[in-house]
Amino acid sequence: MNAQEMKDAARRWIFGVWDGADYSLIAEMTSEGYAFALPRDVKVSRADLPDLIEMYRASIPDLRNSIHEQLVDGNVVVTRGTTFGTHTG
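The numbers attached to residues start from 1 for each chain and follow its sequence in the written order. It should be noted that, the model being predicted, local features are given only for residues of pLDDT at least 70 and side-chain atom pairs only at 80 or more, the latter also being counted only at that level, while totals for whole chains, interfaces and linings use all residues. Think of the side-chain values as coming from all heavy atoms in the structure, minus any hydrogens and water.

Here we look at helix 3 (residues 49-59)
Here's how the labels work: a residue is buried when its accessible area is under 20% of the maximum for its type, exposed when over 50%, partly exposed in between, all with a 1.4 Å probe on protein chains only. Working definition: helices are DSSP H or I runs of at least four residues, strands are E runs of at least two. Numbering for both runs from the N terminus. By the burial criterion, the buried members of helix 3 are L49, P50, L52, I53 and S59. The contact criterion used is simple: two residues touch if any of their non-hydrogen atoms lie within 4.5 Å. Lining the buried residues of helix 3 we find helix 1 (3-19), helix 2 (24-29), strand 1 (35-38) and strand 2 (42-45).

Structure follows, in structure tokens:
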């Protein structure tokens, strides 16, 4: 992938999976051993990630993300953005 394709993939993950709840992207965009890392060394498996996202979406029903900047260095994409929402849970 070139730098723009990598940025586009990161955007697709953020807006598709997190904002859009398109969980088919998880299997499409990750490998079998993928784990989502949370603080305190908590890891969420690829299979359990939709449940985690649904928990967030239940407590923050208007959750949405914005991207301010993306940088690519080699095969790493760094995205700086803001997550917005009203915590109701």
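Quick word on the environment of D73
Turning to its location among the elements, D73 is positioned in strand 3 (residues 64-73). Owing to a relative accessible area of 62%, D73 belongs among the exposed residues under this scheme.

Some words on helix 1
Its 17 residues give helix 1 an end-to-end C-alpha distance of 23 Å, which sits within 8% of 24 Å, the value for a rise of 1.5 Å per residue. Within helix 1, burial applies to M6, A10, W13, I14, G16, V17, W18 and D19. On its buried face, helix 1 sits against helix 2, strand 1, helix 3, strand 3 and strand 4 (76-84). Regarding helix 1, its N-cap is N2, as a side-chain oxygen of that residue lies 3.0 Å from the backbone nitrogen of Q4 further along. To estimate the expected span of a helix, subtract one from its residue number and multiply by 1.5 Å. Counted as a polar contact is a pair of N or O atoms within 3.5 Å, where, for protein atoms, one must be capable of donating a hydrogen and the other of accepting one, and residues adjacent in sequence contribute only when both atoms are in side chains.

What about the packing of aromatic side chains?
Centres within 6.5 Å make a pair out of two Phe, Tyr or Trp rings, where for Trp the six-membered ring is used; the pair is then stacked when the planes are under 30 degrees apart, edge-to-face when over 60, and tilted otherwise. Under the counting rule described, the total for this entry stands at three aromatic pairs. Ring centres of W13 and Y34 lie 5.9 Å apart, and the angle between their planes is 65°; this geometry places the pair in the edge-to-face category. Within this pair, whereas W13 is found in helix 1, its partner Y34 is found in the loop between helix 2 and strand 1, the two being separated by 21 residues in sequence. Residues W18 and F36 carry aromatic rings whose centres are separated by 5.5 Å and whose planes lie at 45° to one another, so their mutual orientation is tilted. Here F36 lies in strand 1 and W18 lies in helix 1, a separation of 18 residues in the sequence.

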